[in-house]
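Examining the three-dimensional arrangement
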Amino acid sequence: MAIATTYALDFERPLIELERKIDELKALSQSGASDFTAEIARLEKKAKRLQSEIFSDLSRWQVVQLSRHPARPYFLDYVQHLFTDFFELEGDRRFAADAAIVGGFARFDGEPVLVIGHQKGRSTKENMQRNFGMPRPEGYRKAQRLMKLAERFRRPIFTFVDTPGAYPGLGAEERGQAEAIAVCLETMSGLTVPVITTVVGEGGSGGALAIGVGNRVLMLENSVYSVISPEGCASILWRDGSRADKAADAMKLTARDLHGFKIIDEVIPEPPGGAHRDPAKMAESVGKSLRKHLSQLKQLSPEALVDDRYRKFRAMGVFLDNA
Amino acid sequence: MAWFSKKQPRISRPEEDEARPSRMQGLWVKCEECSEIIYRPEIEKNLNVCPNCGHHMPWPARARLAAVLDPDSFEELDRELEPQDPLGFMDSKRYRDRLKATRKNLDEADAFISGLGRIEGTQVSVGCFLFEFMGGSMGSVVGEKVTRVFERARERNLPAIIFSASGGARMQEGIFSLMQMAKTSAAIARFREVRKPYISVLLHPTTGGVAASFSWLGDVILAEPKALIGFAGPRVIEQTIRQKLPEGFQRSEFLLDHGMIDAIVPRKELRQKLGQLLGLLA
Ligand SMILES: [Zn+2]
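About the thresholds
- Counting restarts for each chain: residues are numbered from 1 in the order of the written sequence.
- Chains carry letters and ligands carry numbers; both start at the beginning, A for chains and 1 for ligands, and go up in the order they are written.
- Only residues with pLDDT of at least 70 get local features here, since the model is predicted, and only at 80 or more are side-chain atom pairs given and counted; chain-wide, interface and lining totals rely on the full set of residues.
- Runs of E in the DSSP output that reach at least two residues are strands. Runs of H or I that reach at least four are helices, and both are numbered from the N terminus.
- Exposure is read from a count of other C-beta atoms within 10 Å of each residue's own; the residue is exposed at 12 or fewer, buried at 20 or more and partly exposed in between. C-beta atoms are placed from the backbone.
- Residues are treated as contacting if the C-beta atoms built from their backbones sit within 7 Å of each other.
- Radius of gyration here is computed from C-alpha atoms only, and the compact-globule reference equals 2.2 Å multiplied by the residue count raised to the power 0.38.
- When residue character is reported, Ala, Val, Leu, Ile, Met, Phe, Trp, Tyr, Cys and Pro are called nonpolar, Asp, Glu, Lys and Arg charged, and the others, Gly included, polar.
- For two strands to count as paired, DSSP must find a minimum of two bridges between them.
- Interaxial angle, 0 to 180 degrees, is taken between N-to-C directions of lines fitted to C-alpha atoms, where a helix line uses only the stretch in contact.
- Here the word oblique covers every angle except those under 35 degrees (roughly parallel), over 145 (roughly antiparallel) and from 65 to 115 (roughly perpendicular).
- Only buried residues count toward a nonpolar core: Ala, Val, Leu, Ile, Met, Phe, Trp, Tyr and Cys, linked into one set through C-beta atoms within 7 Å.
- Delimitation of the domains relies on an automatic or database domain assignment.

1. Regarding the overall build of chain B
For chain B, the count of helices and strands is 10 helices and 10 strands. A principal-axis box enclosing the C-alpha atoms of chain B has dimensions of 50 × 45 × 40 Å. In chain B, buried positions account for 49% of the 282 residues. Within chain B, residue pairs in contact and separated by at least 24 positions form 65% of the contacts whose partners lie at least 6 positions apart.

Right, here's the structure in full:
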């Protein structure tokens, strides 16, 4: 999954420039012009140090930026790496196809499963088609339909979350965006098959949670999950969307934060420099986690799976009970 | 204020209302809709509906429950639940302090009251949002109370009724607020087993994470006239599509037209209509 983009975040740039220099020297060495072996070794060491410097102490806002990195592996990249025999099913049987949520049956280690995920586009054209990964009600209704199918055929369900949020548009409202999300939540809570959710990028509010009611909820190290986008939070609190960095800190929205709150079950480490630097390795780690959790969940009866999921979400919330 | 039951320990009394900054302050009230100046007791007698134009003004939750439920039948439960500040959230004010001030101002611990009551003799598990408490936003306490409304209904084999008026999830409790959407919806999924109706009554306004979870999961969904109901707020939509929204967009009448709710019920008929539905379904 070579990602053809030269896009770099501000804080990635020094590293990327250094790596470019190393590549140039390597090319020169190979062409036999002169021998830069020592210099290359020195720079590679420096690059490694720089990388760990930058990435060992990321701010929450930097993590938000990584979670939205245009070169970050998306749902379909994971499908390609981890699943075989993928057959996409596009219809919601109600109104329209929604390419912002993709779903279909596939095999995981040979076993038939359902995979559903938000899908962002790589190009402008694809982003228009996929609405930047922001589903309309049709996407959620398709997800409901496929999850019920999976249940009927007793197929485990893997969902992949990566959306800025449900689309706040005219037609989406007319056709019941809120209802579509609500029914997803209820449907998922009652599923009698294993459901494993992985937040791979942006977990944007209700539009993310709608496919996120899993027995297990995992997050990639540099993914985020929040009740509102940092920009939205900042524009409400300070009437200034540009203070999103501050809002990100206030909301504590990173995988590590959520793991600390016991909202998620596991943080999946990313390759050095983030998932986009080594998508194949990233997918391998995700696959390992999915395998582990699926084998645990397969020990549970259908009723126990519903119970397990209910208890998990039932316990979420922090309040004082003076009774 | 005939609909205030005497047994309610925390009903707002007129002298408290005076101290509360609100449009309902003083003896005279100006209707937002028709600009008529109306004698306050006149409006209250009319369930906070403008006698001149029928505009439905905000109606305090306790007054609503007292008026819609059989006299003296409301038994409030889960009053012991108090919000916490799991994120240590701070904007211009600390969330902790905001809670304290709101509590002092309204004499309510959070944005939802719930318990058991009767409608025309039928016992119901019931809850109602307090929109005046931080915009009726849903944090952990509201989510827990809503969940308990459905758990209680399931345990006791009762119908459930929820009156929603909320801006959505409470930002100040971050991810915990978001997860209340899943928690409450899961509680409804379980409640469905007992084959009792859940009637959701949508009030002005109901949006965001509350609209997109238990509020839109009613077996029957009613709305008050002209209530604003939807997923995204009108401002967010306008910013996204870069155009003005058509008149009446996301209002009850619009939703009824689009098949998204079952009926619009004027406040005066609410008690009777709920009784009728319970008779047919419970
Ligand atoms: Zn009026």
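Alright, that's what it looks like, and here's the rest.
2. So, the overall build of chain A
When its secondary structure is counted, chain A shows 14 helices and 9 strands. Computed over its C-alpha atoms, the radius of gyration of chain A comes to 21 Å, within 12% of the 20 Å expected for a compact globule of 323 residues. Principal axes of the C-alpha set define a box for chain A whose edges measure 70 × 50 × 45 Å. Among the 323 residues that make up chain A, the fraction classed as buried is 50%. When contacts within chain A are restricted to residue pairs at least 6 apart in sequence, those whose partners lie at least 24 apart make up 71%.

3. Considering the interface of chain A and chain B
Taken together, the contact pairs 45 residues of chain A with 48 residues of chain B. Looking at the side of chain A that touches chain B, its residues break down into 28 nonpolar, 10 polar and 7 charged. Relative to strand E4 (residues 81-83) of chain B, strand E9 (residues 319-321) of chain A is paired through 3 bridges, and the arrangement is antiparallel. Following the sheet pairing, phenylalanine 319 of chain A is matched in E4 of chain B by proline 83 of chain B.

4. Quick look at the packing of helix H10 (residues 230-237) of chain A against helix H11 (residues 244-251) of chain A
When two helices pack together, their arrangement is captured by the angle between the axes and the distance separating the axes. All names here are of chain A. Their axes nearest at 8 Å, the elements H10 and H11 cross at an angle of 100°. In terms of their interaxial angle, H10 and H11 are classed as roughly perpendicular. Counting all contacts with H10, which are made through Pro230, Glu231, Cys233, Ala234 and Leu237, the residues of H11 involved are Ala244, Lys246, Ala247, Ala248 and Met251. Across the contact of H10 with H11, the residue classes break down as 8 nonpolar, no polar and 2 charged.

5. Re the environment of methionine 147 of chain A
All names here are of chain A. Mapped onto the secondary structure, methionine 147 falls in helix H6 (residues 137-152). With 28 residues separating them in the primary sequence, methionine 147 and glutamine 119 have C-alpha atoms 17 Å apart. Sequence-distant contacts of methionine 147, defined by excluding residues within four places in its chain, comprise Leu114, Ile157, Thr187, Met188 and Leu191.

6. Regarding the nonpolar core
Core analysis: the biggest nonpolar cluster contains 160 residues, and Ile157, Ile181, Cys184 and Leu185 of chain A together with Ala160 of chain B have the highest contact counts within it. In terms of residue count, helix H6 (residues 174-191) of chain B provides more of this core than any other element does, 11 residues in total. Those residues in contact with isoleucine 157 of chain A that lie beyond four places of it in its chain are Val113, Leu114, Ile116, Met147, Ala150, Leu191, Val193, Pro194 and Val195 of chain A.

7. As for the domain arrangement of chain A
One can read the domain layout of chain A as domain 1 (10-57) and domain 2 (64-314). Taking only C-alpha atoms into account, the centre of domain 1 of chain A sits 36 Å from that of domain 2 of chain A.

8. Some words on unusual backbone geometry
Most peptide bonds take the trans configuration, and most residues that are not glycine carry a negative phi. A cis amide bond, omega -15°, links histidine 204 of chain B with the succeeding residue proline 205 of chain B. Mapping proline 205 of chain B onto the fold places it in strand E8 (residues 198-206). Notably, aspartate 109 of chain A is not glycine yet its phi reads approximately 50°, a positive angle. One can find aspartate 109 of chain A in the loop between strand E2 (101-108) and strand E3 (111-118).

9. Comments concerning helix H3 (residues 60-67) of chain A
Residue and element names in this part refer to chain A. Within H3, 7 of the 8 residues are buried, which leaves it mostly tucked inside the rest of the structure. Along H3, the positions that sit buried rather than exposed are Arg60, Gln62, Val63, Val64, Gln65, Leu66 and Ser67. In this structure, the buried residues of H3 make contact with strand E5 (195-204), strand E7 (224-226), H10 and H11.

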